[in-house]
Amino acid sequence: MVADDVYRITEQIEGKTRERAPLRHRMVGEFRETPMPWTVRESLLRYAKEHGADANGYLLRTQRSP
């Protein structure tokens, strides 16, 4: 989160391999900023407080399918 209502995305999960990958249509190191509703912000902050981040700084560490 870079502001109360903005989330910065620096990478994505590649659909077939399910591995982290650079953003499409961006150079390495570039990012995309998207609006974030206050309910999402509050949910992320609550989750961070209750569960914390992993050693790499990632908040959400699981995927929905193998």
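The rules behind these values
- Residues numbered from 1 in each chain as written.
- Predicted model: local features only at pLDDT ≥ 70, side-chain atom pairs only at ≥ 80, totals over all residues.
- Heavy atoms only, no water.
- Phe/Tyr/Trp six-rings, centres within 6.5 Å; stacked < 30°, edge-to-face > 60°.
- Lys NZ or Arg CZ within 6 Å of the ring centre and 35° of its normal.
- Helix = DSSP H or I, 4+ residues; strand = E, 2+ residues; numbered from the N terminus.
- Expected span 1.5 Å × (residues − 1).
- Buried < 20%, exposed > 50% of the residue type's maximum accessible area, 1.4 Å probe, protein only.

Trainee: Outline the packing of aromatic side chains, listing residues and values.
Mentor: All chains considered together, the criterion is met by 0 aromatic pairs. One residue, R8, lies across the ring of F31, its end atom 3.9 Å from the ring centre.

Trainee: So what's going on with helix α1 (residues 38–51)? Residues and values would help.
Mentor: Helix length check: α1, at 14 residues, gives a terminal C-alpha distance of 20 Å against a target of 20 Å (1.5 Å per residue), a fit within 8%. Phi turns positive one or two residues past the end of α1, at G52, with a value near 70 degrees.

Trainee: Explain unusual backbone geometry residue by residue, including any values.
Mentor: The phi dihedral of H25 is positive, around 65 degrees, even though this residue is not glycine. By secondary structure assignment, the location of H25 is in the loop between β3 (20–22) and β4 (32–35). The class of H25 is exposed, set by a relative accessible area of 78%.

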